Amino acid sequence: NYARLPQLQAIWTPQLASAGSTVSASSEYTYFSRSDGDNGHRLDTQVNLKQRFENDSAYLEPKLKLQHTHYQLEQENNQSLNRSLPTVALDAGLFFERELEDGRRLQTLEPRIYYTYTPFREQANIPVFDSSERTLSYSQLFTDNDFTGKDRIADNNRLSTSITTRLQELDKGREIFRASLGQMYYFADRKVTLPDETIKTGSRSELVMEMAGELNDTTRVSGTAFADVKEKAVSAGQIRVNYQDQKQRFLNLGYSQRKS
């Protein structure tokens, strides 16, 4: 692993007059160092623009991100590297609801789609200081990069679809149950990889199922399952139990399993 000595970050988010519009910019400088690695400086700058259109039953949110990363490496003749990439995304959803038990509870149905596109840039010559591949999760369906860190930007042309239902107790103002189901569909192979890994060619991800609910006022149960559609079998699963009482006593238990 690399040491970060130092790491500096700056974020700028101006106030805009237009409702639903958001502009932000961020910059991060990091010096990476280790005894047997290719030490170097990295400066990453991102600009994000998005506009949200919404009413009580639907929303539409287009997004644009521009990212530029500069590397100054020390152990390869002070090599300088630059990478610039745009990413576009479109997030859209509907919201349906109905009252249950004479208005004491509310059930919602929330279909959602998320499309993202990032063109391919060859990145094999860029060192890997802090990037790794993200583990599939429900939240990953709505992200634009398949990697953590700044050293890899995934080439993506994919669509995520999902549906969520919630059950809310109106008099207490809380959610007592939630279930979600979603999947990613790829329209092209993913060519950007980490070292010694191969291009990914699958046309869709595993099916991701997520649920969470309250057993009582102090105990909440949640779980996630991943299903291989081709094999028609559950490939992995996780279940978690969280307990918290009025005396601020906590108990968290978890169990996970993945088929090899």
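Further up the page is the structure itself.
For the structure given in this document, a descriptive report is provided here. Since the model is a prediction, treat every value here as computed from it, not as a measurement. (Residues numbered from 1 in each chain as written. Predicted model: local features only at pLDDT ≥ 70, side-chain atom pairs only at ≥ 80, totals over all residues. Heavy atoms only, no water.)

This part is about the pattern of salt bridges. Applying the stated criterion across every chain yields a total of 25 salt bridges. Residue Arg-42 is joined to Glu-28 by a salt bridge in which the shortest nitrogen-to-oxygen separation is 3.1 Å. Taken as a pair, Arg-42 in strand β3 (residues 40–51) and Glu-28 in strand β2 (residues 21–33) lie far apart in primary sequence, 14 residues in all. One exposure class covers both Arg-42 and Glu-28, and it is buried. Where salt bridges share partners, they join Glu-101, Arg-104, Arg-105, Glu-110, Arg-166, Glu-169, Arg-174, Glu-175, Arg-178, Glu-214, Asp-217 and Arg-220 into one cluster. (Salt bridge = Lys/Arg side-chain N within 4 Å of Asp/Glu carboxyl O. Helix = DSSP H or I, 4+ residues; strand = E, 2+ residues; numbered from the N terminus. Buried < 20%, exposed > 50% of the residue type's maximum accessible area, 1.4 Å probe, protein only.)

Before going further, it helps to examine a nonpolar patch on the surface. A surface patch of nonpolar side chains, amounting to about 410 Å² of accessible area, comprises Leu-94, Phe-96, Leu-109, Ile-163 and Leu-181. Positionally, Leu-94 belongs in strand β6 (residues 80–94). (Patch = residues over 30% accessible without salt bridge, like charges linked within 9 Å, V, L, I, M, F, W, Y side chains within 5 Å. Areas by Shrake-Rupley, 256 points an atom, 1.4 Å probe, with all protein chains shown as cover.)

Moving on: the nonpolar core. If you look at the biggest cluster of nonpolar residues, it comprises 11 residues: Ala-89, Tyr-114, Leu-136, Tyr-138, Leu-141, Phe-142, Met-184, Tyr-186, Val-208, Phe-226 and Ala-236. Those residues in contact with Met-184 that lie beyond four places of it in its chain are Leu-136, Gln-140, Leu-141, Arg-158, Leu-159, Ser-160, Ser-203, Arg-204 and Ser-205. Within the second largest apolar cluster, seven residues are counted, among which are Tyr-2, Phe-32, Tyr-71 and Leu-81. (Core = buried A, V, L, I, M, F, W, Y, C linked by side-chain atoms within 4.5 Å. Contact = heavy atoms within 4.5 Å.)

Turning our attention to the packing of aromatic side chains. Evaluation of the coordinates by the stated rule reveals six aromatic pairs. Within the aromatic cluster, the residues linked to one another by ring pairs are Tyr-2, Phe-32, Tyr-71 and Phe-129. Lying across the ring of Tyr-2, Arg-34 places its NZ or CZ 4.3 Å from the centre. Its guanidinium or amino end placed over the ring of Phe-120, Lys-191 lies 5.5 Å from that ring's centre, counting from NZ or CZ. (Phe/Tyr/Trp six-rings, centres within 6.5 Å; stacked < 30°, edge-to-face > 60°. Lys NZ or Arg CZ within 6 Å of the ring centre and 35° of its normal.)

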